[in-house]
Structures are given as C-alpha cells and as structure tokens.
Amino acid sequence: MRFLLSNDDGVQAPGLAAMAEVLARLGEVTVVAPDGERSAFSSALTLDRPLRPQHLDNGFIAINGTPADCVHIALNGLLDFVPDIIVSGINSGANLGDDVIYSGTVAAALEGRFLGRPAIAVSLVASNAKTLGIEAYRPAAERVGELLQRWAGLELPPRTLLNINVPAGTLDSHRGFRVTRLGHRAPSQDVLRFQDPRGQEVFWIGAAGDPLDNAEGTDFHAVQEGYVSVTPLDSDMTRYAVLDVVGAWLPAVTPAAS
Ligand code: MN
C-alpha cells in the first residue's frame, strides 16, 4: 500500500513521526505536512500566495500552508503516484464531537475526497498531549496499523472517512475498537480579554468546551471507557431529514409567479 501522511501539528510533530514509522512497515509512505502548527485550520486553503515544498533530510516534505493545502497539492501534481489511502495525524489531542468542524487533522483527511481516496484522521486523546514525546504516540500508531492491515475488508461509500480517537496509554490499556457517532460539546470556554504590553486590547479564544453529549454510543463515551473510537464521517453536510420541512416553508417566502 502507498500512503500519503499529513497532519495539522506540523512536520516536526512527534505524532506524525510515530505514524510514519508504522506506515513504513506496512508499505510506502510519503509525508507532506505543514511547516508549522496549523491546528484548528479546518479545510482552509491558501489562495493569496504560492506554496513552496521543502524537502527535508528525513524525506518528509514541508509546505508553507495548511493541512488541506498539503493534501490538495500532493494529490494535484506534487506526487507522481496516487496514494491508496490518506492518513492524517496523529494529532496531539482529541478530535471528538464538534471538534471535527474545526480540526485541521480531519480536514486533511477530508481533502482526500478530491481524488476519491479512502482517508482516516487519527488523534491521541490526552489532555497533556502537547507535552508528550514520540513514545506516547506509538501505541496509537500501532492501533492504526491494525486497522490498515484489515483495510481490504472494509467497503465504504464515496466521500466517507474514518475519524479515529485513541486513548493515551499503553497497548495493554486499550480495551478494543468501537464504532461510534459524534458526541457534542458545550460552547467553548471564555474568550480571554486583556491588554497587550502597549495598552492595546486583545482577545484570546478559549479552549474547547466540555462534553455535553457523551452518552453511550458516542466517541466521547468510547474513549472514556478505554476503547479506540472509530467514527465514519460524511463530507456531505446536507441535513436530509429536514429537506421536506424547508421545502414546505419556502413557498411562504417566495413571491408567487405572476
Ligand atoms: Mn493539531
């Protein structure tokens, strides 16, 4: 298998290195990742300046852009092959519930849909993830390797990706895999408002909110219980269940044709 690996924590991130190690055992891996941290960039594309690939000594390719940029240019000219699967991560920190809207990790996987390639996003669930070294990411990388070795047995419809969250800890601490739905978070924590050293007002966006819906069956619940959470995501955000409701309402706001 030929893998394209990216992330949103940047090309130097330990989670990326841990994932690359395992993918190299399973096949060929090409790493194209942002040259610095781009977490919470969602599917942003850079349109106002050129993107410059930088070939690093370890073979990884750094891009002065976003996670979606990396996958987009990798699949549109940078690579001279079509990867069998796009892997994004391992993110330093959870991507659970509403996090997937903001996540650059999930977005890099989503971008794989342009070539219709299967894609997975992987995150390590640990509140101190930003302080952890490569060792802490290796068990999660091994779990992803287990999934990929069985990949041929999974048939997914187009535009579908898997969002995987692995609890931090040793392999022994994992209780298994669980298929889940997204839970939901409360609104994010307070924005900090203060003055910079020159007396100007500044704001700093707060951390993600606490889980609001972490019922059984959610991604939150699975990782709390020590399971690797596997959530299928659809890039089609249409709310099919309310097409009729909106369709029945629109005539009331549309002027009748004369
Ligand atoms: Mn990140």
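So, a few notes on the structure that sits alongside this text. All values reported here derive from a predicted model rather than from experimental measurement. (Residues numbered from 1 in each chain as written. Predicted model: local features only at pLDDT ≥ 70, side-chain atom pairs only at ≥ 80, totals over all residues. Heavy atoms only, no water.)

Quick look at the pattern of salt bridges
Phase 1 of the analysis: Tallying each qualifying case throughout the model produces 11 salt bridges.
Phase 2 of the analysis: The residue R138 makes a salt bridge to E21 at a minimum N-O spacing of 2.8 Å. Of this pair, R138 sits in helix α5 (residues 134-149) while E21 sits in helix α1 (residues 14-26), placing them 117 residues apart in sequence.
Phase 3 of the analysis: You can call E21 partly exposed: its relative accessible area is 35%.
Phase 4 of the analysis: Note that R143 is salt-bridged to E146, the shortest N-O span being 2.9 Å. Placement of the pair is R143 and E146 together in helix α5, with a separation of three residues, close to one helical turn.
Phase 5 of the analysis: Looking at E146, the relative accessible area reads 32%, which means it is partly exposed. (Salt bridge = Lys/Arg side-chain N within 4 Å of Asp/Glu carboxyl O. Helix = DSSP H or I, 4+ residues; strand = E, 2+ residues; numbered from the N terminus. Buried < 20%, exposed > 50% of the residue type's maximum accessible area, 1.4 Å probe, protein only.)

Side note on the coordination of the manganese ion
Phase 1 of the analysis: The protein atoms that coordinate the manganese ion are D8 (OD), D9 (OD), S39 (OG) and N91 (OD1), at distances spanning 2.1 to 2.2 Å.
Phase 2 of the analysis: Taken in chain order, the donor set of the manganese ion reads D-D-x29-S-x51-N. Here D8 is found in the loop between β1 (2-6) and α1, whereas its partner N91 is found in strand β5 (residues 85-92), with 83 residues between them in sequence.
Phase 3 of the analysis: Owing to a relative accessible area of 6%, N91 belongs among the buried residues under this scheme. (Donors = N, O, S within 2.8 Å, 3.2 Å for Na, K, Ca; no water.)

Digging into the layout of surface pockets
Phase 1 of the analysis: Reported here for the largest pocket is a volume of approximately 940 Å³.
Phase 2 of the analysis: Lining the largest pocket are 33 residues, and of these A94, D99, R185, A207 and A208 lie nearest its centre.
Phase 3 of the analysis: Mapped onto the lining of the largest pocket, the elements with two or more residues apiece are β5, α3 (99-102) and α6 (219-224).
Phase 4 of the analysis: It is α6 that provides the largest number of residues to the lining of the largest pocket, a total of three residues.
Phase 5 of the analysis: Broken down by class, the residue content of the lining of the largest pocket amounts to 14 nonpolar, 13 polar and six charged.
Phase 6 of the analysis: Put simply, the second largest pocket is a space of about 680 Å³.
Phase 7 of the analysis: For the second largest pocket, the lining is made up of 27 residues, of which V100, I101, L182, D234 and M237 are closest to its centre.
Phase 8 of the analysis: For the lining of the second largest pocket, the secondary structure elements donating two or more residues are α3, α4 (104-111) and β13 (228-234).
Phase 9 of the analysis: Counting residues per element, the lining of the second largest pocket draws most heavily on β13, at four residues. (1 Å grid on protein atoms, 1.4 Å probe; cavity = no way out; pocket = protein on both sides within 12 Å on 5 of 7 lines; lining within 4 Å. Points joined across faces, edges and corners; volume = space filled by probe spheres on them. Nonpolar A, V, L, I, M, F, W, Y, C, P; charged D, E, K, R; others polar.)

Some thoughts on the packing of helix α2 (residues 67-78) against α4
Phase 1 of the analysis: Interaxial distance between α2 and α4 falls to 8 Å at its minimum, and their mutual angle equals 20 degrees. By the angle between their axes, α2 is roughly parallel relative to α4. Read as a crossing pair, α2 and α4 show a hand that is right-handed. Along the contact surface, α2 presents P67, A68, V71, H72 and L75, while α4 presents G104, A108 and E111. (Axes fitted to C-alpha atoms, helices over the stretch in contact; angles between N-to-C directions. Parallel < 35°, antiparallel > 145°, perpendicular 65-115°, else oblique. Left-handed = near helix turned anticlockwise from the far one by under 90°. Contact = heavy atoms within 4.5 Å.)

Focus: the nonpolar core
Phase 1 of the analysis: Within the largest apolar cluster, 33 residues are counted, with the highest numbers of intra-cluster contacts made by M19, V87, I120 and L148.
Phase 2 of the analysis: Mapped by element, the contributors of at least two residues to this core are β1, α1, β2 (28-34), β5, β6 (119-125), α5, β7 (160-167) and β13.
Phase 3 of the analysis: Tallying contributions element by element places α1 first for this core, with six residues.
Phase 4 of the analysis: If we skip the residues at most four places from it in the chain, L148 touches M1, F3, L23, L26, I85, V87 and I120.
Phase 5 of the analysis: In this structure, I63, V100, A119 and L161 belong to the second largest nonpolar core, which totals 20 residues. (Core = buried A, V, L, I, M, F, W, Y, C linked by side-chain atoms within 4.5 Å.)

Here we look at the packing of aromatic side chains
Phase 1 of the analysis: In this structure the tally under the stated criterion is zero aromatic pairs.
Phase 2 of the analysis: Above the face of the F114 ring, R113 is positioned so that its terminal group lies 5.0 Å from the ring centre.
Phase 3 of the analysis: The ring of Y227 is capped by R178, whose NZ or CZ atom sits 3.9 Å from the centre of that ring. (Phe/Tyr/Trp six-rings, centres within 6.5 Å; stacked < 30°, edge-to-face > 60°. Lys NZ or Arg CZ within 6 Å of the ring centre and 35° of its normal.)

Examining unusual backbone geometry
Phase 1 of the analysis: Omega for the peptide link from G89 to I90 comes to 5 degrees, which places this bond in the cis form.
Phase 2 of the analysis: Note on placement: I90 falls in strand β5.
Phase 3 of the analysis: For A40, which is not glycine, the phi torsion reads 65 degrees and is therefore positive.
Phase 4 of the analysis: Secondary-structure assignment places A40 in the loop between β2 and β3 (53-55).
Phase 5 of the analysis: Note on A40: relative accessible area 55%, which makes it exposed.
Phase 6 of the analysis: A positive phi is found at S42, a non-glycine position, where the angle reads about 45 degrees.
Phase 7 of the analysis: Take S42: it is sitting in the loop between β2 and β3.

Spatial relationships are all this shows, so hold off on functional conclusions.
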